[in-house]
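# Reading the structure
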Amino acid sequence: MEIRIGQGYDVHAIAMGLPMYLAGVQIEESAMGFVAHSDGDVAIHALCDALLGAAAMGDIGKHFPDTSDEWSGIDSKILLRKVMEMLSAGGWKVINADITIALQAPKVRPYIDTMRATLAPILGVGTDCVSIKATTSEQLGFVGRGEGCQVWAVVLIQR
């Protein structure tokens, strides 16, 4: 058995009037959302990079370039499913995923169980294998000023 770890990171700016998606879930209470070519789901983008990195398959920009109209406005869950198809074709399976979201507002905690339940079946694991944590930056930097969101993801895969 071969086991590999992958790490992913993504960041998106925040702007008024856009929908906010995190880990496949729309954050309904926010009047702001992420500026992006796709739906801007910064958590799924970091997760895709972690998965692709673990399998040495490049990164999300290589497979889904933001210069392509094909990916404009796309639901990031579709991108994650495509990444999982690539991993599966290489014989890889996810063992677990751990995601950390840094966002000043709105509070993410009320959505975490739904996020885990949304991502787990796409990853082919139980919800107990998907960890999502949320933090603020204590009002420091661009996250603290409410200008953006950062997400880190770590995955373990096997074949």
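Residues numbered from 1 in each chain as written. Predicted model: local features only at pLDDT ≥ 70, side-chain atom pairs only at ≥ 80, totals over all residues. Heavy atoms only, no water.

## Comments concerning the packing of helix H3 (residues 76–89) against helix H4 (residues 112–123)
Running from amino to carboxyl end, H3 crosses H4 at an angle of 30 degrees, the nearest separation of the two axes being 9 Å. When the axes of H3 and H4 are compared, the pair comes out roughly parallel. Between H3, through Lys-77, Leu-80, Arg-81 and Met-84, and H4, the contact on the second element is made entirely by Thr-118, Leu-119, Ile-122 and Leu-123. A class-by-class count of the residues in the contact of H3 with H4 yields five nonpolar, one polar and two charged. (Axes fitted to C-alpha atoms, helices over the stretch in contact; angles between N-to-C directions. Helix = DSSP H or I, 4+ residues; strand = E, 2+ residues; numbered from the N terminus. Parallel < 35°, antiparallel > 145°, perpendicular 65-115°, else oblique. Contact = heavy atoms within 4.5 Å. Nonpolar A, V, L, I, M, F, W, Y, C, P; charged D, E, K, R; others polar.)

## Details of helix H1 (residues 42–54)
For H1, spanning 13 residues, the distance from its first C-alpha to its last is 18 Å, which sits close to the expected 18 Å at 1.5 Å a residue. Most of H1 sits out of view: 12 of its 13 residues are buried. Directly after H1, the chain includes Ala-56, whose backbone phi takes a positive value near 55 degrees. (Expected span 1.5 Å × (residues − 1). Buried < 20%, exposed > 50% of the residue type's maximum accessible area, 1.4 Å probe, protein only.)

## Considerations on the pattern of salt bridges
Pairs may arise between side chains of opposite charge once their charged atoms sit close together. Tallied over the entire structure, the rule returns five salt bridges. For Arg-159, the salt bridge goes to Glu-2, with nearest N and O atoms at 3.1 Å. Taken together, the positions of Arg-159 in the segment after strand E7 (148–158) and Glu-2 in the segment before strand E1 (3–16) put the pair 157 residues apart, joining distant regions of the chain. Classification of Arg-159 as partly exposed rests on a relative accessible area of 43%. Take Glu-2: its relative accessible area is 29%, and that puts it in the partly exposed class. A salt bridge links Asp-98 to Lys-133, with the shortest nitrogen-to-oxygen separation between them at 2.4 Å. Highlighted residues: Asp-98 in strand E5 (residues 93–102) and Lys-133 in strand E6 (residues 130–135), separated in sequence by 35 residues. Residue class for Lys-133 comes out partly exposed when judged on its relative accessible area of 34%. Sharing partners across several salt bridges, the network here consists of Glu-2, Arg-4 and Arg-159. (Salt bridge = Lys/Arg side-chain N within 4 Å of Asp/Glu carboxyl O.)

Everything listed here is a matter of geometry and, on its own, says nothing about what the molecule does.
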